[in-house]
Amino acid sequence: GRVAGYPRMIGAAGSDDALTWTRLYDQPIFHMGNYDRFDSGGVSYPQLTVHPSGAIYMYYYGFSVRTNTAGPTRGIGLAISEDGNLRNFRRVRKSV
C-alpha cells in the first residue's frame, strides 16, 4: 500500500526469473508533475510499449494533489523516451 507522506513515483526493476527483482536505478525514473497538472499528486500503474523506432511509450495513471481543483484531478498520461532509455521520459502534453 501507499505510505503516507511519500509521493507515488515510477521506478524500474529487472528480473531473470520473475520471482526475484532488483532495482535498476537508485532513483525513480518518472516523477509526479507540476502543481497545476493532473499528475501533481503522483504517478502509478505504468504500461510500456516499444515503438518500431525503438522509442518507448509509457502510459500511466496520474492524480493531482488535493488542493489542485483548477483542472482534472486524475487521468491517463503519456510519456515518451525517444532513445529507449528508461531515464529519458518526457511528458506528452498534446494528442499523439
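Right above here is the structure, for reference.
Right, let's walk through the structure included here. (Residues numbered from 1 in each chain as written. Predicted model: local features only at pLDDT ≥ 70, side-chain atom pairs only at ≥ 80, totals over all residues. Heavy atoms only, no water.)

## Focus on the sheet that holds strand E5 (residues 74-81)
Phase 1 of the analysis: Reading across from one edge, E3-E4-E5-E6 is the order of the four strands in this open sheet, with antiparallel pairing throughout. Single-partner strands in this sheet number two, and they are strand E3 (42-50) and strand E6 (90-91).
Phase 2 of the analysis: Pairing geometry for E3 and strand E4 (residues 56-63), over seven bridges, is antiparallel. Within the sheet, the bridge partner assigned to Thr49 lies in E4 and is Tyr57. (Pairing = 2+ DSSP bridges. Helix = DSSP H or I, 4+ residues; strand = E, 2+ residues; numbered from the N terminus.)

## Considerations on the pattern of salt bridges
A side chain of one charge can pair with a side chain of the opposite charge when the charged atoms of the two come close.
Phase 1 of the analysis: This model, assessed by the stated rule, comprises two salt bridges.
Phase 2 of the analysis: Asp39 is the salt-bridge partner of Arg91, the closest N and O atoms lying 2.8 Å from each other. Here the residue Arg91 occupies a position in strand E6, and Asp39 occupies one in the loop between strand E2 (22-23) and E3, the gap between them amounting to 52 residues.
Phase 3 of the analysis: Asp39 gets classed as buried once you look at its relative accessible area, which sits at 0%.
Phase 4 of the analysis: Residue Arg90 is joined to Glu82 by a salt bridge in which the shortest nitrogen-to-oxygen separation is 2.9 Å. (Salt bridge = Lys/Arg side-chain N within 4 Å of Asp/Glu carboxyl O. Buried < 20%, exposed > 50% of the residue type's maximum accessible area, 1.4 Å probe, protein only.)

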